[in-house]
Amino acid sequence: PEKVIILRHGQSEGNVNRTIYCTKGDAHIELTPKGLQQAVEAGNRLKEVVGEDRIFAIVSPFERTQQTLLGLYQGGFPQGQVCVAHAFSQIREQEFGNFQSVGLQEAARAEQEIVGRFYYRRPNAESSADVQDRVTAFWDSLINEVLPRQIDEYGTCLVVTHGLTMRLLLM
C-alpha cells in the first residue's frame, strides 16, 4: 500500500475510570460516548485521506478497537472500500494481568523506578519490551508476508490499535 494509517482507539472506560480494571477484563473495556464520537470524527477526516483506495484493515481484537472501526464507518470512512479486515492479537494492548487490584499502580510505579519503565514487568503481565517484541514480529510479518501474499493490491493499510502499541510500532 502507498499509505499506512495507524490509529489509536477512542477514549475508553479505562481512560476515565482506572478502577474499572479491577472488575472488567482489559479486552472487554469499551469506548465511552466521547470515544465513539472521536471515532466518528476520525472516520469523517480519514475518508478524505483514503480517497478511492482499496483498504486492508487490521484491528486489535479488543472491544474498544473494534468499536472504533465501527465508529469510523459511522463517520463516513468508506466501509465498502475495506476489502479485508483482520483482527491480529499481536497488536493488542500491553498485558497488565487479568485484573488490576486497587493500589497495584502505586506499587508498580515504585518498582518501575528501580527496574526501568521499559523493562519492568508486573506479575502475570508484560513489559513494554515484551510488547515491542510482538509488535515488531507483527510488523515484519505484515510487510514481508501478509501484504505481499494478497492477490489484490491495496492503496491504504489501516491499523486500529492502542497507544503504547502505536508508539512501539513507530520506534
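Higher on the page you've got the structure.
The paragraphs below set out a description of the structure included in this document. This one's a predicted model, so the numbers in the text were calculated from it and none came from an experiment.

**Digging into the overall build of the protein**
Move 1: Scanning the protein from N- to C-terminus turns up 6 helices and 4 strands.
Move 2: Traced from its N-terminal end to its C-terminal end, the protein shows the element sequence β-α-α-β-α-β-α-α-β-α.
Move 3: Its C-alpha radius of gyration of 17 Å places the protein within 12% of the 16 Å reference for a compact globule of 171 residues.
Move 4: Taken along its principal axes, the extent of the C-alpha atoms in the protein is 50 × 35 × 20 Å.
Move 5: Here the protein holds 171 residues, and the buried ones make up 47% of them.
Move 6: At a minimum sequence separation of 6, the contacts of the protein that also span at least 24 residues come to 81%.
Move 7: Summed over all atoms, the accessible surface of the protein reaches about 9,300 Å², with 49% contributed by carbon and sulfur.
Move 8: Across the protein, the centroid of the 17 positively charged side chains sits 4 Å from that of the 21 negatively charged ones.

**A look at the sheet that holds strand β3 (residues 82-87)**
Move 1: The parallel open sheet is built from 4 strands, whose spatial order is β1-β4-β2-β3. Both outer strands of the open sheet, β1 (3-8) and β3, are each paired with one neighbouring strand and no more. Going across the sheet, the axis of each strand differs from the next one's by a mean of 15°, ignoring polarity.
Move 2: Contacting β1, β2 (55-59) and β4 (156-161), helix α2 (residues 33-50) crosses the sheet at an angle of about 170° to β1.
Move 3: Contacts from helix α5 (residues 128-146) reach β1, β2 and β4, with the element oriented near 155° to β2.

**So, the nonpolar core**
Move 1: Within the largest apolar cluster, 17 residues are counted, with the highest numbers of intra-cluster contacts made by Phe56, Ile58, Phe88, Ile91, Phe138, Leu142 and Cys157.
Move 2: Elements represented by at least two residues in this core include exactly β2, α5, β4 and α6 (163-169).
Move 3: Ala42, Ile55, Val59 and Phe77 belong to the second-largest nonpolar core, a separate cluster that totals 15 residues.

**A few points about the packing of α2 against helix α3 (residues 63-74)**
When two helices pack together, their arrangement is given by the angle between the helix axes and the distance between those axes.
Move 1: Packing of α2 against α3 leaves a shortest axis separation of 7 Å and a crossing angle of 50°. Regarding the angle of α2 to α3, the classification is oblique. For the crossing formed where α2 meets α3, the hand is right-handed. Where α2 abuts α3, its residues Leu36, Ala39, Val40, Ala42, Gly43 and Leu46 lie against Gln67, Thr68, Gly71, Leu72 and Gln74.

**What about the side chain of Thr32?**
Move 1: On the secondary structure map, Thr32 appears in the loop between α1 (13-16) and α2.
Move 2: Of note is the side chain of Thr32, whose polar atom sits 2.7 Å from the side chain of Gln11.
Move 3: Not counting chain neighbours up to four residues away, the residues in contact with Thr32 comprise Gln11, Ser12, Glu13 and Val16.

Analysis parameters
Residues numbered from 1 in each chain as written. Predicted model: local features only at pLDDT ≥ 70, side-chain atom pairs only at ≥ 80, totals over all residues. Heavy atoms only, no water. Helix = DSSP H or I, 4+ residues; strand = E, 2+ residues; numbered from the N terminus. Rg over C-alpha atoms; globule rule 2.2 N^0.38 Å. Buried < 20%, exposed > 50% of the residue type's maximum accessible area, 1.4 Å probe, protein only. Contact = heavy atoms within 4.5 Å. Areas by Shrake-Rupley, 256 points an atom, 1.4 Å probe, with all protein chains shown as cover. Lys, Arg positive; Asp, Glu negative; His and termini not counted. Charge placed at Lys NZ, Arg CZ, Asp CG, Glu CD. Pairing = 2+ DSSP bridges. Axes fitted to C-alpha atoms, helices over the stretch in contact; angles between N-to-C directions. Core = buried A, V, L, I, M, F, W, Y, C linked by side-chain atoms within 4.5 Å. Parallel < 35°, antiparallel > 145°, perpendicular 65-115°, else oblique. Left-handed = near helix turned anticlockwise from the far one by under 90°. Polar contact = N/O pair within 3.5 Å; in protein donor to acceptor, adjacent residues only side chain to side chain.

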